[in-house]
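Here is how the chains run, residue by residue.
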Amino acid sequence: MTATDLLASALGDLEALERDGLAALRDSRDAESVEAARIEYLGQKQGRLKAAQERLKALDPAGKRVYGQRFNATKGALEAAWTEAKARAERPAAAGAAADALDVTLPGRKTRLGHRHPLTQTADELIDLFGRFGFEAARGPEVEDVFHNFEALNIPPSHPARDTLENFYLSDALMLRSQTSPIQIRVMEARRPPVRVIAIGRVYRPDTVDATHSFMFHQIEGLMVDVGVTMADLKTVLRLFAESYLGTDVKIRFRPSFFPFTEPSVEVDMLWHGGERWVEMGGAGMVDPNVLRAVGYDPEEVTGFAFGLGIERLCMRRHAIDDIRLLYQNDTRFLSQF
Ligand code: PHE
């Protein structure tokens, strides 16, 4: 290789080194990559600039002069680029978009965990509570047939509760259940006594919405059938339940009432928050012998009680919520309180 060729090749390599080195330093966004680029190009031991300096030895005096000048210029450019890159990496706020994304001086953001809806919490607590009284959980369909929702519960076609304006009918034979009582029938059809179950679920009625009414709400149904079950057992279970769930300071009362599927029947009220008015918690009674007979139980042998309570109102009383609509609006300012 002639001296000219040798010089030309060394100068070409030097130019490529400068281009690559400047690009690497310009693209380094953090201290770590700036330092890696410094070691690769400006490193005292294995650096590429160091290697380029070694090539000076092979050149003739004229070549040395030309190459030496270019070498010094390249070294100066790379050092200046390194100083700039280092300063930029140390001042993240003044740097590019990648640095803007992280301000390590800000307090950390906490991950927000979701939790169960207050109504679900209430339902789970009720299942747990009645579980301790020996009641096991049962289920039934929300789209119910008219037979189970009414007929089997001793509610004849002429009964006002069956009115088309009082229910959500889907056809002549199907409806959105208006109560959880049809689950009593489904359980008794499937099992022999003794029976001790509760069932929780949605019920639908075209009621006008206000602070204590909704067209859809939840009920807890209870049913106990065994030898010698009496009204005293019903009242004891409901009082124990109210004391456990609402607390001993919440008064409840029983009023004589009428349901076609229980005899005698009562309505259960609780003293609302503020202590000025009674609000209905649900209905209850001794299972009518006609209902027992219709599912093949012998009313001479076994007796039973049943109750159906509104879950929204229980939850509202427990937490002093004054409007049922809050439970359906999914406003996280409300929900996060539970
Ligand atoms: N199903 C009745 C209602 O929704 C409540 C009830 C249940 C009454 C069980 C008596 C026995 O109003």
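See the structure shown above.
What counts as what
Along each chain, residues carry numbers from 1 onward, in the same order as the chain's sequence is written. Local features in this predicted model are restricted to residues whose pLDDT is 70 or higher, and side-chain atom pairs enter the listing and the counts only when it is 80 or higher, whereas totals over whole chains, interfaces and linings include all residues. Side-chain metrics rest on all non-hydrogen atoms present in the structure, leaving aside hydrogens and water. Put simply, two rings from Phe, Tyr or Trp (the six-membered ring, in Trp's case) pair if the centres are within 6.5 Å, and we call them stacked under 30 degrees between planes, edge-to-face over 60, tilted for the rest. Any residue under 20% of the maximum accessible area for its type is buried, any over 50% is exposed, and the rest in between are partly exposed; the area is computed with a 1.4 Å probe on protein chains only. We count a charge as sitting over a ring when the NZ of a lysine or the CZ of an arginine lies within 6 Å of the ring centre and within 35 degrees of the ring normal. Nonpolar core, defined: a set of buried Ala, Val, Leu, Ile, Met, Phe, Trp, Tyr and Cys residues in which side-chain atoms within 4.5 Å join the residues together. Per the convention used, a helix needs a DSSP run of H or I reaching at least four residues, while a strand needs a run of E reaching at least two, with both numbered from the N terminus. Contact criterion: two residues are considered in contact whenever any of their non-hydrogen atoms come within 4.5 Å of each other. Think of it this way: DSSP has to see at least two bridges between two strands before they count as a pair. Lines fitted to the C-alpha atoms define the axes, with helices restricted to the stretch that makes contact. Angles between their N-to-C directions range from 0 to 180 degrees. Whenever a carboxyl oxygen of Asp or Glu lies within 4 Å of a side-chain nitrogen of Lys or Arg, that contact is scored as a salt bridge. A pocket, in this scheme, is an open set of points on a 1 Å grid over the protein atoms alone with protein on both sides within 12 Å along at least 5 of 7 lines, while a cavity is a set where a 1.4 Å probe fits but cannot get out; residues line either one if an atom lies within 4 Å of a point. Grid points are joined across faces, edges and corners, and a volume is the space filled by probe spheres set on the points. Residues are grouped as follows: Ala, Val, Leu, Ile, Met, Phe, Trp, Tyr, Cys and Pro are nonpolar; Asp, Glu, Lys and Arg are charged; every other residue, Gly included, is polar. Nearness is judged by heavy atoms alone; a residue qualifies as near a molecule or strand once a single heavy atom is within 4 Å of it. In the analysis that follows, any N or O atom pair within 3.5 Å is treated as a polar contact, provided that within protein one partner can donate a hydrogen and the other can accept it, and provided that, for residues neighboring in sequence, both atoms belong to side chains. Calculation of accessible area relied on Shrake-Rupley with a 1.4 Å probe; when residues are assessed, cover is drawn exclusively from the protein chains displayed.

## Brief notes about the packing of aromatic side chains
Applying the stated criterion across every chain yields a total of eight aromatic pairs. Ring geometry for phenylalanine 130 against phenylalanine 133: centres 5.7 Å apart, planes inclined by 90 degrees, an arrangement best described as edge-to-face. Assessed through its relative accessible area of 21%, phenylalanine 133 is described here as partly exposed. Here phenylalanine 259 and phenylalanine 261 contribute two aromatic rings whose centre-to-centre distance is 5.8 Å and whose plane-to-plane angle is 35 degrees, an arrangement assigned as tilted. Among the aromatic residues, ring-to-ring pairing joins Phe130, Phe133, Phe135, Phe241, Tyr245, Phe305 and Phe307 into one connected group. Above the face of the tyrosine 245 ring, arginine 318 is positioned so that its terminal group lies 4.5 Å from the ring centre.

## Here's the deal with the nonpolar core
A general trend in soluble globular proteins is that nonpolar side chains are found buried together. Counting residues in each nonpolar core, the largest one holds 39 residues, and the members touching the most others are Phe241, Phe305 and Phe307. The dominant element in this core, judged by the number of residues it contributes, is helix α9 (residues 231-246), at seven residues. With residues near it in sequence (within four places) discarded, phenylalanine 241 still touches Leu126, Leu129, Phe130, Phe133, Leu246, Met281, Leu309 and Leu314. In this structure, Met188, Leu223, Leu292 and Ala306 belong to the second largest nonpolar core, which totals 24 residues.

## Here's the deal with the sheet that holds strand β1 (residues 136-138)
In space, the seven strands of this open sheet follow the order β1-β4-β5-β9-β8-β7-β6, with mixed pairing throughout. Each edge of the sheet is formed by a strand with only one pairing partner; in this case those strands are β1 and β6 (252-259). Averaged over all neighbouring strand pairs, the angle between strand axes comes to 25 degrees, with direction disregarded. With eight bridges joining them, strand β7 (residues 262-271) and strand β8 (residues 278-287) adopt antiparallel strand pairing. Residue pairing in the sheet places serine 265 in a bridge with glycine 285 of β8. Where helix α6 (residues 118-132) meets the sheet, its contacts fall on β4 (195-204), β5 (216-226) and β9 (303-310), and the angle it forms with β4 comes to roughly 165 degrees. Sheet strands in contact with helix α8 (residues 182-190) are β1, β4, β5 and β9, and its direction is about 40 degrees off that of β5.

## Description of the pattern of salt bridges
Tallying each qualifying case throughout the model produces 20 salt bridges. Of the charged contacts in the structure, one is a salt bridge between arginine 48 and glutamate 40, with a shortest N-O distance of 3.4 Å. A relative accessible area of 40% means that glutamate 40 is categorised as partly exposed. Aspartate 269 is paired through a salt bridge with arginine 255; the nearest N and O atoms lie 2.7 Å apart. Highlighted residues: aspartate 269 in strand β7 and arginine 255 in strand β6, separated in sequence by 14 residues. The class of aspartate 269 is buried, set by a relative accessible area of 2%. When salt bridges with common partners are traced through the structure, they connect Arg253, Arg255, Glu267 and Asp269 into a single cluster.

## A look at empty space enclosed by the protein
Taken as a whole and judged by the stated rule, the model has one cavity of 30 Å³ or more. As a volume, the largest cavity reaches approximately 40 Å³. Taken together, Ile183, Gln184, Val187, Val197, Ile198, Ala199, Glu221, Gly222 and Leu223 make up the lining of the largest cavity. Those elements giving two or more residues to the lining of the largest cavity turn out to be α8, β4 and β5. Taken together, the residues of the lining of the largest cavity sort by class into six nonpolar, two polar and one charged.

## A word on the site of the ligand
If you check the shell around the ligand, you find 14 residues, and the closest are Gln179, Ser181, Arg205, Gln219 and Gly308. Within the contact set of the ligand, a nitrogen atom lies 2.7 Å away from a side-chain nitrogen or oxygen of glutamine 179. With respect to the ligand, the side chain of serine 181 contributes an N or O atom lying 2.9 Å from a nitrogen atom. In the complex, 93% of the free accessible area of the ligand, which totals 330 Å², lies under the protein chains.

## Let's talk about the layout of surface pockets
Of the volumes computed, that of the largest pocket is approximately 850 Å³. Broken down by secondary-structure element, the contributors of at least two residues to the lining of the largest pocket are β5, β6, β7, β8, β9 and α11 (311-319). No other element matches the six residues that β8 contributes to the lining of the largest pocket. Class assignment for the residues of the lining of the largest pocket results in 17 nonpolar, 16 polar and eight charged. By volume, the second largest pocket is sized at about 490 Å³.

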